[in-house]
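Letter by letter, the chains look like this.
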Amino acid sequence: MNDWQRKSPLDWETYVNKLVKVVAVEKHEYEGWVLTVDPVSATIVLATFPENEKGSLSFIMGHAIQEVEILQEVDSDMKQRLAHISAPEESQAYSPEELEKRKNALKTWLETNHIPVVEQGEQGRTLSVAGVLTIEPPYSPEQCSSANEIILSRMQGLLQGYLDQQPPSPAEEAFCL
């Protein structure tokens, strides 16, 4: 285990949203903005923004990292770019009112089908299903998250079936044009 892997998640958090230079085994060097660090493997996810291109991601495995040097702090423009790199594109097409309507309709449908669901988070944007699965905006199967793969797969199937029965929202109609 190397020095990087011995760090705690709180130590790794200090690198998030910073421009860094990573030196890995065999003197390979990588430069980019730290999007996140996996707390299990210590893998760094670096975002780079080549000119006239969308951002790209690089994954540097924790066991290969020898040194990480912070080169620059984040400014507000870059912080916004980094936030959009991991945001699902379709979620940007929905207004806050549409997201609220989708959440409430899905919550009502789950409750009608006797599936326990509660809102969680500061703004109540996340739906927690039976305490073992969460659904984030815009409340589609891709936004489901659970440690239990069987529950995740079944809930994604149910959610897709529910969405297939719904009329398209104005945002979806505009998105398809």
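Caption draft 1: Local environment of the sheet that holds strand E5 (residues 65-72). Pairing within the open sheet is antiparallel, and its five strands lie in the order E4-E3-E2-E1-E5. Strands with a single pairing partner mark the edges of an open sheet, and in this sheet they are strand E4 (56-60) and E5. The sheet shows a mean angle of 45° between the axes of neighbouring strands, direction not considered. Both strand E2 (residues 29-37) and strand E3 (residues 44-48) contribute to a ladder of four bridges, which runs antiparallel. When the bridges of E3 are listed, Thr-36 appears paired with Val-45. Together, E2, E3 and E4 form the strand contacts of helix H3 (residues 76-85), whose direction differs from that of E2 by roughly 70°.

Caption draft 2: Quick peek at the packing of helix H4 (residues 96-112) against helix H5 (residues 149-165). H5 packs onto H4 with a crossing angle of 115° between their chain directions and a minimal axis gap of 12 Å. Looking at the two axes, H4 sits roughly perpendicular to H5. In the crossing of H4 with H5, the sense of the turn from one axis to the other is right-handed. Of H5, the residues touching H4 (which contributes Arg-102, Ala-105, Leu-106, Trp-109 and Leu-110) are Met-155, Leu-158, Leu-159, Tyr-162 and Leu-163.

Caption draft 3: Molecular detail of the environment of Val-40. Structurally, Val-40 is set in the loop between E2 and E3. Overall, the relative accessible area of 78% leaves Val-40 in the exposed class. A sequence separation of 71 residues divides Val-40 from Glu-111, and the C-alpha atoms of the two residues are 35 Å apart.

Caption draft 4: Examining the sheet that holds strand E7 (residues 126-129) more closely. Taken together, four strands build an open sheet; the order of strands is E6-E7-E8-E9 and the sheet is antiparallel. Edge positions in the sheet fall to strand E6 (117-120) and strand E9 (144-145), since each of these pairs with one other strand and no more. When E7 meets strand E8 (residues 133-135), the two strands line up antiparallel, connected through three bridges. Following the sheet pairing, Leu-127 is matched in E8 by Ile-135. The strands touched by H4 are E6, E7 and E8; relative to E6, the strand with the most contacts, the crossing angle is about 150°. Helix-sheet contacts for H5 involve E7, E8 and E9, and the interaxial angle to E8 is about 35°.

What counts as what
Residues numbered from 1 in each chain as written. Predicted model: local features only at pLDDT ≥ 70, side-chain atom pairs only at ≥ 80, totals over all residues. Heavy atoms only, no water. Pairing = 2+ DSSP bridges. Helix = DSSP H or I, 4+ residues; strand = E, 2+ residues; numbered from the N terminus. Axes fitted to C-alpha atoms, helices over the stretch in contact; angles between N-to-C directions. Contact = heavy atoms within 4.5 Å. Parallel < 35°, antiparallel > 145°, perpendicular 65-115°, else oblique. Left-handed = near helix turned anticlockwise from the far one by under 90°. Buried < 20%, exposed > 50% of the residue type's maximum accessible area, 1.4 Å probe, protein only.

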